[in-house]
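As a plain string of letters, each chain reads:
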Amino acid sequence: QVQLVESGGGLVQAGGSLRLSCVASGRTFSTSAMAWFRQAPGKEREFVAAVTWITYYANSVKGRFTISRDNAKVYLQMNSLQPEDTAVYYCAATPVPPRLAMKSDEYAYWGQGTQVTVSS
């Protein structure tokens, strides 16, 4: 089993920045993908960013968010935050390279989520 723990969420004003972190522990794996998804109240969970040997971004965050990975840790640097970025952000991981990195079904392991709130 793999456990994922997110941190770094909080309350920030529009235009501000936050950096989310996710640490994986438990059974280690080498070739894999890690990703961030988010879910706003009343909405479905949506893809934000993923990193395999390349990075993927949702159009809504491209140019503002940056995903990076250091072994069993993945980070999401979020700049120019807007109220519509308010959501619970989830870290996800898979031991198998995904066919479609933007699909939540590809990920076997999920964190508990961290709240990001952006005030206007």
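Residues numbered from 1 in each chain as written. Predicted model: local features only at pLDDT ≥ 70, side-chain atom pairs only at ≥ 80, totals over all residues. Heavy atoms only, no water.

Draft legend 1. How the structure looks around the pairing of strand E5 (residues 46–51). Within E5, 5 of the 6 residues are buried, which leaves it mostly tucked inside the rest of the structure. In this sheet, E5 lies alongside strand E4 (residues 33–39) in antiparallel orientation, the contact comprising 5 bridges. Paired with Trp36 across the two strands is Ala49, which belongs to E5. Counted along the chain from E4 to the antiparallel partner E5, the turn is 6 residues long, and its residue Gly42 has a positive phi close to 75°. Relative to strand E6 (residues 55–57), E5 runs antiparallel, the two sharing 3 bridges. Among the inter-strand pairings, Val51 is bridged to a residue of E6, identified as Thr55. Between the end of E5 and the start of E6, which pair antiparallel, lie 3 residues. (Buried < 20%, exposed > 50% of the residue type's maximum accessible area, 1.4 Å probe, protein only. Helix = DSSP H or I, 4+ residues; strand = E, 2+ residues; numbered from the N terminus. Pairing = 2+ DSSP bridges.)

Draft legend 2. Focus on the side chain of Arg64. Looking at the element boundaries, Arg64 is found in the loop between E6 and strand E7 (65–70). For Arg64, a relative accessible area of 18% corresponds to the buried category. Separated by 2.8 Å, the side chains of Arg64 and Asp85 make a polar contact. Among residues more than four places away in sequence, those in contact with Arg64 are Gln77, Met78, Asn79, Ser80, Leu81, Gln82 and Asp85. (Polar contact = N/O pair within 3.5 Å; in protein donor to acceptor, adjacent residues only side chain to side chain. Contact = heavy atoms within 4.5 Å.)

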